[in-house]
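Summary of the model geometry
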Amino acid sequence: MSNQLNHLMHDHANGNPAINLFKFEENFFSGEVQRNNYFSIIWIKEGFGKVKAGFLEVDFEDNSMFTFAPNQPYLFITENPIKGIVINFQTEFIFADLYGKGQRFKELLYNNFNQPPFIKINAHSIAAFDVLSDKIEKEIQDTSLAQHDLLVAYLRIFLINASRLKIEQQPQSTSDINGKKEHYILQKLNNFIEEHFKAKHSPSDYAAMLYVTPKTLGKVSKSYYNRTISSIINERIIVEAKRELYLTNKAIKEIAYELGYEDEYYFSRFFKINAKLSPQKYRETVAVARA
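Residues numbered from 1 in each chain as written. Predicted model: local features only at pLDDT ≥ 70, side-chain atom pairs only at ≥ 80, totals over all residues. Heavy atoms only, no water.

1. Concerning the pattern of salt bridges
Taken as a whole and assessed by the stated rule, the structure comprises twelve salt bridges. A salt bridge links Glu-57 to Lys-50, with the shortest nitrogen-to-oxygen separation between them at 3.5 Å. For Glu-57, a relative accessible area of 49% gives the class partly exposed. Across the pair Arg-243 and Glu-240 runs a salt bridge whose closest N-O atoms are separated by 3.5 Å. Of the two residues, Arg-243 and Glu-240 both sit in helix α8 (residues 229-247), three residues apart, roughly one turn of that helix. You can call Glu-240 buried: its relative accessible area is 6%. (Salt bridge = Lys/Arg side-chain N within 4 Å of Asp/Glu carboxyl O. Buried < 20%, exposed > 50% of the residue type's maximum accessible area, 1.4 Å probe, protein only. Helix = DSSP H or I, 4+ residues; strand = E, 2+ residues; numbered from the N terminus.)

Below you can see the structure in the form of structure tokens.
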């Protein structure tokens, strides 16, 4: 992937890239189905081709933008060089917004299985996205005071602008759930997990809500996400736990109880297995980073 300018900021809690931005000036897509463990924004500034995303397929041309959720399968098919920008970010990087006031971004840009994750950038919006991309790129390289807060703010404005364009271009994406049965199951599954993850931790609970067998639900999840239902539920619980540890001074026992765990020690083990460090260590690490 030559001619690539790469800039990233690391998550102080686990050392993984929290947000990453790079520019490309060639046909860098591998020709293989991609499933990444982070959110992606891919802005094709110049070039054309085809994208297959899950059950959907769409042609693209200059100034097309795609938004892909963690573990969402997608495939770019291009025969000519393309030029653009990629912004990748971890759930934890913006979870305070994404799962709080910014939950709408997730619904509009990342969780509709009946609409392509595609936005056409009009002439009026190009300059705004260019400015925001430049600000994100420069801030990632700047370790000054409140770097995280500024990056979250710039990214949030970027997502707001993208959401507004998608509503204009695909108004039905906010309400329609049609098409294949798999579309319906995946859309409802995401909605149910978001609504019930604090109380219901078993895949069988969600299979019952969807009136399908656990085996059927597991097969749909495997074919689309290449993941188990348990891993999706666990990830949502961990994101909420990190949010509480980061934003509040609640005792770990209280956070555990709110997330459906009566045994604080069981919750701590669960957190450590999934987040690679204990709740207390996570809180201490992100507190230092934030300061």
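Resuming the write-up.
2. Some details on the nonpolar core
General note: in soluble globular proteins, nonpolar side chains tend to be found buried as a group. Membership of the largest hydrophobic core comes to 35 residues, with the highest contact counts inside it found for Tyr-206, Leu-217, Leu-259, Phe-267 and Phe-271. Looking at this core, the elements with two or more residues in it are α5 (181-196), α6 (203-210), α7 (214-225), α8, α9 (252-258), α10 (264-275) and α11 (279-290). With eight residues, the single largest contributor to this core is α8. Other than its neighbours up to four places away in sequence, Leu-217 contacts Ile-185, Leu-189, Pro-203, Tyr-206, Ala-207, Leu-210, Val-212 and Ile-229. Membership of the second largest hydrophobic core comes to 24 residues, among which are Ala-69, Ile-87, Phe-129 and Ile-136. (Core = buried A, V, L, I, M, F, W, Y, C linked by side-chain atoms within 4.5 Å. Contact = heavy atoms within 4.5 Å.)

3. Digging into unusual backbone geometry
Notably, Asn-63 is not glycine yet its phi reads approximately 55°, a positive angle. Structurally, Asn-63 is set in the loop between β5 (56-60) and β6 (64-68). Judged by relative accessible area, Asn-63 falls into the buried class, the value being 15%. At Lys-276, a residue that is not glycine, the phi angle is positive and equals roughly 70°. Within the secondary structure, Lys-276 sits in the loop between α10 and α11.

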